[in-house]
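Per-entry structural report
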Amino acid sequence: MKITAAVAWRAGAPLEIEEVELDEPRDDEILVRVAAAGICHTDMHARDGHLPVELPMILGHEGAGTVEGVGSDVTQVAVGDKVLLTPDYCGRCRRCRMGQTTYCDNLVAVTFSGLRPDGSPRARQGDAAIRAAFFGQSSFASHALATERNVLKVPHDAPLHHLAALTCGLPTGAGSVLNVVPVTVGSSFAVFGAGAVGLGAVMAAVVAGATEIIAVDRVAHRLETATELGATHVIHTEGGGDVAEEIREHTGGGCDVILDTTGVPALIRTAVESLDTRGTCGIVAGSGQDLSIPAAPLVRGGRTLRGIIGGEAIPGVFVPKLIALHERGRFPFDRLVRNYPFRQINEAIADSISGTTIKPVLTFV
Ligand SMILES: [Zn+2]
Ligand SMILES: [Zn+2]
């Protein structure tokens, strides 16, 4: 079928909105008419060629929409259902069978190849194969194919233009705080980086009952948002002060839990220096750079440095919890969302990179 998609043709180039041909759903696939798609920094890293992606590809991995077709093996959703599209996994490896799907052994291929497991691309334009299985969805398009592994049914009246934002970055921040580290009642918490992931963590720390919630960022208006969402103290890194000292002062010794969402080695080192004895620092982003953390504060203080993917959240279990919290006014993530029409995808990406918009969500009419 003919669809409209934002195609990434060359690394670093703007996405091109064009007509492409999408395969009919196979027996295990679900065709979704996309109503909304969140933009996450991983899309930009993929567009710029910083991830193991081969172009041309349709990016987008925070889709939401209506089921328009199902293969013969699909039983969990039917035509007309409203669904969120979540990150895919292989479903067969040991980690997946243990329910730890964010650590799927085949995650790189499933997430970044943009291909089905049999190597087919799902879409084409003329003779050119276009990879349309990014995170198992490629939702920067009017229509996307997914499978039962990565669709989550939501009520018919669900506000998809907001809920698309609840499928990757926000659950990464919130899941790290609620599922992994975890932040407990009366504990002290700090987040480094107040983007969508970091602010998801701030809202979750409020839910968890942390007493001190500190947000650290270089963009002043993000820190204002952090305060509105419940941060008790903010630190502007452009201010030139000693961040670790300020955190120790504010908490009376250091934080029980710190989440770094920046992946910047110097900030991760500062985060470890800002921990209380037996504190834990979770890191959710990072590249090939060396961290060079001194061993002594970790060993002597019994501190932990812990990598986390996807907030270790099982989307089908965790996202409904976040929706329920939101309905009770306890996870006001929609305040971070700004909607853009699909044709403004490149402007939305630029606003996300500059920090003007914390969570852009594209909408299709
Ligand atoms: Zn797997
Ligand atoms: Zn993402």
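Refer to the structure presented above.
The present account deals with the structure reproduced in this document. If you're wondering where the values come from, they're calculated on a predicted model, not measured in any experiment.

1. Focus: the layout of surface pockets
Here the second largest pocket defines a volume of roughly 320 Å³. Lining the second largest pocket are 20 residues, with Val110, Leu115, Arg116, Pro117 and Arg149 sitting closest to its centre. A class-by-class count of the residues in the lining of the second largest pocket yields seven nonpolar, four polar and nine charged.

2. Observations concerning the coordination of the zinc ion (ligand 2)
Every protein donor of the zinc ion (ligand 2) is listed here as Cys40 (SG), His61 (NE2) and Cys168 (SG), and their distances to the metal cover 2.1 to 2.3 Å. All donor residues of the zinc ion (ligand 2) come from one chain, and their arrangement in sequence is C-x20-H-x106-C. Here His61 lies in the loop between strand S4 (57–58) and strand S5 (63–70) and Cys40 lies in the loop between strand S3 (29–38) and helix H1 (41–47), a separation of 21 residues in the sequence. Exposure remark for His61: the relative accessible area of 0% places this residue in the buried category.

3. Some points on unusual backbone geometry
Pro56 follows Leu55 through a cis peptide bond whose omega is 0 degrees. As for its position among the elements, Pro56 is in the loop between H1 and S4. A positive phi is found at Arg122, a non-glycine position, where the angle reads about 75 degrees. Along the polypeptide, Arg122 turns up in strand S7 (residues 122–125). One non-glycine residue, Ser138, adopts positive backbone phi at about 50 degrees. You can see Ser138 is positioned in the loop between strand S8 (128–131) and strand S9 (143–147).

4. Section: the sheet that holds strand S16 (residues 304–307)
An order of S13-S12-S11-S14-S15-S16 is seen for the six strands of this open sheet, with the pairing classed as parallel. Every interior strand has two partners, whereas the edge strands, strand S13 (233–236) and S16, have only one. For this sheet, the mean inter-axis angle between neighbouring strands, taken without regard to orientation, is 15 degrees. By the bridge criterion, five bridges tie strand S11 (residues 188–192) to strand S12 (residues 212–217) in an arrangement that is parallel. Across the sheet, residue Ala190 finds its bridge partner in S12, namely Ile214. Relative to the sheet, helix H6 (residues 196–208) contacts S11, S12 and strand S14 (255–260), its axis offset from that of S11 by approximately 170 degrees. Against the sheet, helix H7 (residues 220–228) touches S12 and S13, its axis set at about 170 degrees to S13.

5. Examining the pairing of S5
Within S5, six of the eight residues are buried, which leaves it mostly tucked inside the rest of the structure. Examined bridge by bridge, S3 and S5 share seven bridges and lie antiparallel to one another. The residue bridging Leu31 from the neighbouring strand is Gly69, located in S5. As paired strands, S5 and strand S6 (residues 82–85) are joined by three bridges and run antiparallel to one another. Bridged to Ala64 within S6 is Leu84.

6. Remarks on the coordination of the zinc ion (ligand 1)
For the zinc ion (ligand 1), the full set of protein donor atoms is Cys90 (SG), Cys93 (SG), Cys96 (SG) and Cys104 (SG), and the range of their distances to it is 2.3 to 2.4 Å. The coordination sphere of the zinc ion (ligand 1) comprises four donor atoms, whose angles at the metal cover 103 to 118 degrees; the geometry is tetrahedral. Mapped onto the polypeptide sequence, the residues donating to the zinc ion (ligand 1) form the spacing pattern C-x2-C-x2-C-x7-C. Cys96 carries the same exposure label as Cys90, and that label is buried.

7. A look at the nonpolar core
Counting residues in hydrophobic clusters, the biggest one holds 51 residues, and the most contacted among them are Leu84, Leu166, Phe189, Leu199, Phe331 and Phe333. The element contributing the most residues to this core is H6, with eight residues. Inspection of this core shows a minimum of three residues originating in each of domain 1 (2–167 + 332–363) and domain 2 (170–309). The contact partners of Phe333, leaving out residues within four places of it in the chain, are His162, Leu163, Ala165, Leu166, Leu170, Met203 and His326.

8. Here's the deal with the pattern of salt bridges
Tallied over the full model, the rule gives 17 salt bridges. Between Arg33 and Glu68 there is a salt bridge, with its nearest N and O atoms 2.8 Å apart. Highlighted residues: Arg33 in strand S3 and Glu68 in strand S5, separated in sequence by 35 residues. Looking at Arg33, the relative accessible area reads 41%, which means it is partly exposed. For Glu68, a relative accessible area of 35% puts it in the partly exposed group. With its nearest N and O atoms 3.3 Å apart, the salt bridge here joins Glu54 to Arg131. One end of the pair, Glu54, is in the loop between H1 and S4; the other, Arg131, is in strand S8, with 77 residues separating them in the sequence. One network of salt bridges, with partners in common, ties together Asp23, Glu29, Arg116, Arg122 and Arg124.

Conventions we followed
Residues numbered from 1 in each chain as written. Chains lettered and ligands numbered in written order. Predicted model: local features only at pLDDT ≥ 70, side-chain atom pairs only at ≥ 80, totals over all residues. Heavy atoms only, no water. 1 Å grid on protein atoms, 1.4 Å probe; cavity = no way out; pocket = protein on both sides within 12 Å on 5 of 7 lines; lining within 4 Å. Points joined across faces, edges and corners; volume = space filled by probe spheres on them. Nonpolar A, V, L, I, M, F, W, Y, C, P; charged D, E, K, R; others polar. Donors = N, O, S within 2.8 Å, 3.2 Å for Na, K, Ca; no water. Helix = DSSP H or I, 4+ residues; strand = E, 2+ residues; numbered from the N terminus. Buried < 20%, exposed > 50% of the residue type's maximum accessible area, 1.4 Å probe, protein only. Pairing = 2+ DSSP bridges. Axes fitted to C-alpha atoms, helices over the stretch in contact; angles between N-to-C directions. Contact = heavy atoms within 4.5 Å. Tetrahedral: all angles 85-135°; square planar, octahedral: opposite > 155°, others 65-115°. Core = buried A, V, L, I, M, F, W, Y, C linked by side-chain atoms within 4.5 Å. Domains from an automatic or database assignment. Salt bridge = Lys/Arg side-chain N within 4 Å of Asp/Glu carboxyl O.

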